[in-house]
Amino acid sequence: MTVALIQSDFRAHLKEYLDRVNDDDETIYIARSNSRSVAVISQEKMAWMEKALQAKEDSLDYAVARDQLIRRRVLPEDPLVESNDEYWEQFK
């Protein structure tokens, strides 16, 4: 789930929103003045995103990172690829 809010609301409920980022894997978008918005995501989600960006598309690292991002609803399900034993065997 994604939450969009203003900076003062985020500041007033900082712990609650940070818990939602970590516990519920939510992304929090914070609108700031002068169109300087920011997003808050968990360190784990960021690590998977970085791993996917740095890995080669046909590598096991990419496949694992992509699978993790699908599970976290960062990427949509891929109807053309089924995550089963046959899929994972290709990387051995």
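Computed from a predicted model, the values in this text were never measured in an experiment. (Residues numbered from 1 in each chain as written. Predicted model: local features only at pLDDT ≥ 70, side-chain atom pairs only at ≥ 80, totals over all residues. Heavy atoms only, no water.)

Chemist: I'd like a description of the environment of Lys51, backed by residues and values.
Modeler: With respect to the secondary-structure elements, Lys51 resides in helix α3 (residues 43-54). Between the C-alpha atom of Lys51 and that of Asn84, which follows or precedes it by 33 residues, the distance is 21 Å. If we skip the residues at most four places from it in the chain, Lys51 touches Asp61 and Ala65. (Helix = DSSP H or I, 4+ residues; strand = E, 2+ residues; numbered from the N terminus. Contact = heavy atoms within 4.5 Å.)

Chemist: How would you sum up the environment of Val21? Please name residues and give values.
Modeler: Mapped onto the secondary structure, Val21 falls in helix α2 (residues 14-23). The buried category is assigned to Val21, whose relative accessible area is 3%. Among all residues touching Val21, those that are not within four sequence positions of it are Glu26, Ile28, Val40, Ile41 and Ser42. (Buried < 20%, exposed > 50% of the residue type's maximum accessible area, 1.4 Å probe, protein only.)

Chemist: Go over the nonpolar core with me, naming the residues and quoting the values.
Modeler: The nonpolar side chains of soluble globular proteins are, as a tendency, buried together. Counting residues in hydrophobic clusters, the biggest one holds eight residues: Val3, Leu5, Phe10, Tyr17, Val21, Ile28, Ile30 and Val40. Within the residue set of this core, elements represented by two or more residues are β1 (2-6), α2 and β2 (27-31). Not counting chain neighbours up to four residues away, the residues in contact with Val3 comprise Tyr17, Arg20, Glu26, Thr27, Ile28 and Tyr29. (Core = buried A, V, L, I, M, F, W, Y, C linked by side-chain atoms within 4.5 Å.)

Chemist: Summarise the packing of aromatic side chains; cite the residues concerned and give the values.
Modeler: Per the counting criterion, the structure on display carries one aromatic pair. Their ring planes at 25 degrees and their centres at 6.1 Å tell us that Phe10 and Tyr17 sit as a pair that is stacked. For Phe10, a relative accessible area of 13% translates into the label buried. Given a relative accessible area of 8%, Tyr17 falls into the buried group. (Phe/Tyr/Trp six-rings, centres within 6.5 Å; stacked < 30°, edge-to-face > 60°.)

Chemist: Break down the pairing of β2 for me, with residues and values.
Modeler: Bridge count for β1 against β2 is five bridges, and the pairing is parallel. Looking at the pairing, Val3 lines up with Ile28 of β2. Sheet analysis places β2 next to strand β3 (residues 38-40), joined by three bridges and oriented antiparallel. The residue bridging Tyr29 from the neighbouring strand is Ala39, located in β3. The loop that links β2 with its antiparallel partner β3 comprises six residues; one of these, Asn34, has a positive phi angle of about 60 degrees. (Pairing = 2+ DSSP bridges.)

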